[in-house]
Amino acid sequence: MEEKKFPIAVVMHVTLIAAIVIIFIVCAYKLYKWNKGVPSDYDPNYITTDFDIEALDSIIPLAPDKLEGHTDDGLTTILCLGNDPLSKEKGQENGLAEMIAAGVPEPEKTTIYNGSFTGSTISAAYANYNDGYWMDSFSLSYLTRAICSRDFTQTLTSAYYSYDPDFVPTVEMLENLDMNTVDMICIMYDAIDYIERRPSDDPNDPYSIVTYTGALRTAIEDIQETYPFIRIVVMSHTFCFSINDEGNFQNGDRSDLGHGTLSHYLQKELDVTGDCSVSWIDNFYGTINEDNYRDYMVDYIHFNDEGRKFLANRFIECMFPDKTKSE
């Protein structure tokens, strides 16, 4: 009996239909599996204090040749320059400088001098000193000029104009301080330059002291030229708010007041410290930021005790890493 054969066309159609069915089944299975997903280990009740943001710290040691000819007295002397973060609660146990002094690995061998002035800025309002605006004497570039030249005549005169009783004693301390004993200068200002709408920089003049970065660059290089043996560390501003004309708070990282947002000022500051080869501690992302400011600030810009403690610990961890890790 002759074997019955199926036409080639029928075989091809059956094969094609079978392939389509298989593809459909595979796709349906994969769609089912995709919709089902995989088990998640996310716990909505888990609380962590860790940040998803990486700090931009840049810690640079002082070059050994800068210490040539300088005698080490075996003690650590730190001079702090800045404004409200350092000047608020100055002389009290809950002051920032005092917390740093208490928290360093060898407090008995460490002395900290607080040369901060409330309300002062990094940039100056005028490139040439104007008697009508005596606060410029306490802006960073003018202040370091006095420190490096050892001429505090203008600074002291301006201090007597102030209603702040701390200004005159602070100037007198700086005037009498033997800078040859200083090992480190810590510079920290809050974001007052941003809030007062001071220009962040001048592309045509990187040393313009009426700009945020120009004044910082000028001050750092003046110190480096006069006191090359002193290590310089700049602590950045933290997150803060500004207040608009209607009296409402504005997020500093989203509000451009004319010269960039807070993060713009931060990047410009980082650029200057990199150019000058000095250490820089990032407080904007690494310390008090938009996520945690409620725990560390008393208003739109000032810190509570926990905020100052956080800043002090960050300074110690960054500048004394080997000693703090060994404890």
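(A) Region of the structure containing the overall build of the protein. A count of helices and strands for the protein gives 13 helices and 7 strands. Scored against the burial criterion, the 327 residues of the protein give a buried share of 44%. Here the analysis covers contacts within the protein between residues at least 6 apart in sequence; of these, 71% occur between residues at least 24 apart. In the form shown here, the protein has an accessible surface area of approximately 18300 Å², with 53% of it arising from carbon and sulfur atoms.

(B) Layout of the packing of aromatic side chains. Tallied over the entire structure, the rule returns 17 aromatic pairs. Here the aromatic rings of Phe239 and Phe241 are separated by 5.1 Å at their centres, their planes lie at 80°, and the arrangement is edge-to-face. Pair check on accessibility: Phe239 and Phe241 agree, each one buried. Connected via pairs of aromatic rings, a cluster forms that spans Phe117, Trp134, Phe138, Tyr161 and Phe167. Lying over the aromatic face of Tyr142, Arg145 brings its terminal NZ or CZ to 4.8 Å of the ring centre.

(C) Region of the structure containing the pattern of salt bridges. Taken as a whole and assessed by the stated rule, the structure comprises 7 salt bridges. With a shortest N-O distance of 2.6 Å, Asp166 and Lys90 are connected by a salt bridge. Here Asp166 is found in the loop between helix 5 (153-161) and helix 6 (167-176), whereas its partner Lys90 is found in the loop between helix 2 (84-87) and helix 3 (96-103), with 76 residues between them in sequence. With its nearest N and O atoms 3.2 Å apart, the salt bridge here joins Asp201 to Lys268. In this pair, Asp201 sits in the loop between helix 7 (192-195) and helix 8 (212-226) while Lys268 sits in helix 9 (residues 262-276), placing the two residues 67 residues apart along the sequence. For Lys268, a relative accessible area of 24% corresponds to the partly exposed category.

(D) Looking closely at helix 9. When the terminal C-alpha atoms of helix 9 are compared, their 21 Å separation across 15 residues agrees well with the 21 Å that a helix rising 1.5 Å per residue should span. Where the residues of helix 9 are buried, they touch helix 7, helix 8, strand 4 (231-235), strand 7 (279-281) and helix 10 (283-286).

(E) View of empty space enclosed by the protein. Per the stated rule, a full pass over the model turns up 2 cavities of 30 Å³ or more. Every residue along the wall of the second largest cavity is listed here: Asp190, Ala191, Asp193, Tyr194, Tyr212, His237, Leu262 and Tyr265. Listing elements by their share of the lining of the second largest cavity, those giving two or more residues are helix 7 and helix 9. Of the residues in the lining of the second largest cavity, the class split is 5 nonpolar, 1 polar and 2 charged.

Thresholds applied
- Residues numbered from 1 in each chain as written.
- Predicted model: local features only at pLDDT ≥ 70, side-chain atom pairs only at ≥ 80, totals over all residues.
- Heavy atoms only, no water.
- Helix = DSSP H or I, 4+ residues; strand = E, 2+ residues; numbered from the N terminus.
- Buried < 20%, exposed > 50% of the residue type's maximum accessible area, 1.4 Å probe, protein only.
- Contact = heavy atoms within 4.5 Å.
- Areas by Shrake-Rupley, 256 points an atom, 1.4 Å probe, with all protein chains shown as cover.
- Phe/Tyr/Trp six-rings, centres within 6.5 Å; stacked < 30°, edge-to-face > 60°.
- Lys NZ or Arg CZ within 6 Å of the ring centre and 35° of its normal.
- Salt bridge = Lys/Arg side-chain N within 4 Å of Asp/Glu carboxyl O.
- Expected span 1.5 Å × (residues − 1).
- 1 Å grid on protein atoms, 1.4 Å probe; cavity = no way out; pocket = protein on both sides within 12 Å on 5 of 7 lines; lining within 4 Å.
- Points joined across faces, edges and corners; volume = space filled by probe spheres on them.
- Nonpolar A, V, L, I, M, F, W, Y, C, P; charged D, E, K, R; others polar.

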